[in-house]
Amino acid sequence: MKIAVTSASGQLGASIVNHLIALVGKDQVIGIARTPEKAKHLGVEIRKGDYNNREDFNKALQGVSTVLLVSGMDEPQKRIAQHQNVIEAAKTQGVQKIVYTSIIGSEDKNAFSPVVQSNRQTEEDVKNSGLHWVIGRNGIYIEPDLEYLPTYLKEGEISNCAADGKCAYTSREELGYGYAQMLTEEKHNGQIYNLIGEAVTQTQLAEAINTIYHTHLTYTAVSVAAYAQERKKALGDFMGTVIAGIYEGIRNGANDVPSDYVRAAGRSHKSLLKMIENYSQNHPQK
Ligand SMILES: NC(=O)c1ccc[n+]([C@@H]2O[C@H](COP(=O)([O-])OP(=O)(O)OC[C@H]3O[C@@H](n4cnc5c(N)ncnc54)[C@H](OP(=O)(O)O)[C@@H]3O)[C@@H](O)[C@H]2O)c1
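Here the structure is a predicted model, which means the values were calculated and not measured.

Some details on the overall build of the chain
Of the regular secondary structure elements, the chain holds 12 helices and 12 strands. Over its C-alpha atoms the chain spans a radius of gyration of 19 Å, differing by no more than 12% from the 19 Å that the globule rule assigns to 286 residues. The proportion of buried residues among the 286 residues of the chain is 53%. Looking at the chain alone, contacts between residues at least 24 apart form 77% of all its contacts between residues at least 6 apart. Of the roughly 12,900 Å² that the chain leaves accessible, carbon and sulfur atoms contribute 48%. With 30 positive and 32 negative side-chain charges, the chain shows a spacing of 4 Å between the two charge centroids.

This is the structure we're talking about:
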């Protein structure tokens, strides 16, 4: 009986697949992807699965004992039904356990809250599925900040509306390791885990980047309204609102929560410096 991972063509899904391969071997792992060609490089069996298509998952989950559901990327209301397609197919196909990648954040206090709410609704749907379940609430990934480094360097600073709020970051690599344990060990069933490392301010983030990259970034706080306006102009209304809402949440403490990573993964979470160092080694600057 096999373990399947949805959105295996994405960076989080791929990391979970790779950590599972190391733990249980290629033959026990199935990748499910909306675009199967993009997941072939993983070297495991790949099946088709678009969250909009319940029938895809009726087929993709045949013979699967445990499924990892990576949260979707669509607008919040659409995601709930998309996730339900996977949960309902899992029920009818006799899957025994479902693990869901949810998110940390405030359900009602900022512009990111609709996304958090949709994740909380799927958490309820997972809990009510009748299957064994585990929920991970992912922290903010560190990688997008590091991909953004050339822009930070051009501007000479990190500037957003987080102010002195602390954010506990994680990485797709740390999440992949943790989810592989949560999928394969029964002791996690019925648990909700905050999957994060230490909480840091944006000033501390700038200092950590400076340490690894030998840069001289500083941090400047701007108002929530000014940041939302600037992000919407740069990224469009939906994504601009989401990103500004995330930093508003950080400002107000939504991402300064206790970590359950050790319980979930069985080891400590990597430090912020270590995550940045690993990223810099895997993505040398041109
Ligand atoms: N914690 C954070 O900081 C953070 C940041 C960004 C996103 N997220 C969340 O984490 C999730 C995974 O992140 P990631 O790093 O893997 O993102 P990613 O590398 O951009 O991959 C997104 C994945 O979602 C898949 N997808 C999109 N629509 C789908 C659909 N209708 N049916 C099935 N699959 C679909 C994509 O498939 P294709 O290859 O076919 O496009 C791709 O595999 C995201 O979906 C989002 O909910 C979290």
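Examining the side chain of Gln202
Here Gln202 shows up in helix H8 (residues 202-213). You can call Gln202 buried: its relative accessible area is 0%. A polar side-chain atom of Gln202 sits 3.0 Å from a polar atom in the side chain of Tyr169. Filtering out sequence-adjacent residues up to four positions away, Gln202 remains in contact with Ile158, Asn160, Ala162, Gly165, Tyr169, Tyr219 and Tyr247.

Thoughts on the sheet that holds strand E11 (residues 199-200)
In a beta sheet, neighbouring strands are held together by backbone hydrogen bonds and run either parallel or antiparallel to one another. Read across the open sheet, the three strands follow the order E7-E9-E11; overall the sheet is mixed. The open sheet is flanked by strand E7 (140-141) and E11, the only strands paired with a single partner. Of the strand pairs in this sheet, strand E9 (residues 167-170) and E11 are connected by two bridges, and their pairing is antiparallel. Its bridge partner lying in E11, Cys167 is registered against Val200.

Quick word on the state of the cysteines
Within the structure shown, the criterion is met by zero disulfides. Unpaired in terms of disulfides, Cys161 finds its nearest cysteine sulfur in Cys167, a separation of 12 Å.

Side note on the site of the ligand
In the region of the ligand, 21 residues are neighbours, and Ser9, Arg34, Thr35, Ser71 and Arg172 sit closest. Thr35 is positioned with one of its side-chain polar atoms (N or O) 2.4 Å from an oxygen atom of the ligand. A distance of 2.9 Å separates an oxygen atom of the ligand from a polar backbone atom of Gly72. Burial of the ligand by the surrounding chains reaches 84%, relative to a free accessible area of 900 Å². Of all the secondary-structure elements, those providing two or more residues to the shell around the ligand are helix H1 (11-24) and E7. Residues of the shell around the ligand, tallied by class, amount to six nonpolar, 10 polar and five charged.

Side note on a nonpolar patch on the surface
Nonpolar side chains collect at one region of the surface, where Leu235, Phe238 and Met239 lie side by side and expose about 260 Å² of accessible area between them. In this fold, Met239 is placed in helix H10 (residues 237-251). The partly exposed category is assigned to Met239, whose relative accessible area is 39%.

Quick word on the environment of Val44
Along the chain, the position of Val44 falls in the loop between strand E2 (29-33) and strand E3 (45-48). For the pair formed by Val44 and Val242, sequence separation is 198 residues and the distance between their alpha carbons is 34 Å. Excluding anything up to four places from it in sequence, Val44 contacts Val17, Ile21, Lys26, Val29, Ile30 and Gly31.

About the criteria used
- Residues numbered from 1 in each chain as written.
- Predicted model: local features only at pLDDT ≥ 70, side-chain atom pairs only at ≥ 80, totals over all residues.
- Heavy atoms only, no water.
- Helix = DSSP H or I, 4+ residues; strand = E, 2+ residues; numbered from the N terminus.
- Rg over C-alpha atoms; globule rule 2.2 N^0.38 Å.
- Buried < 20%, exposed > 50% of the residue type's maximum accessible area, 1.4 Å probe, protein only.
- Contact = heavy atoms within 4.5 Å.
- Areas by Shrake-Rupley, 256 points an atom, 1.4 Å probe, with all protein chains shown as cover.
- Lys, Arg positive; Asp, Glu negative; His and termini not counted.
- Charge placed at Lys NZ, Arg CZ, Asp CG, Glu CD.
- Polar contact = N/O pair within 3.5 Å; in protein donor to acceptor, adjacent residues only side chain to side chain.
- Pairing = 2+ DSSP bridges.
- Disulfide = S-S within 2.5 Å.
- Near = heavy atom within 4 Å.
- Nonpolar A, V, L, I, M, F, W, Y, C, P; charged D, E, K, R; others polar.
- Patch = residues over 30% accessible without salt bridge, like charges linked within 9 Å, V, L, I, M, F, W, Y side chains within 5 Å.
- Salt bridge = Lys/Arg side-chain N within 4 Å of Asp/Glu carboxyl O.

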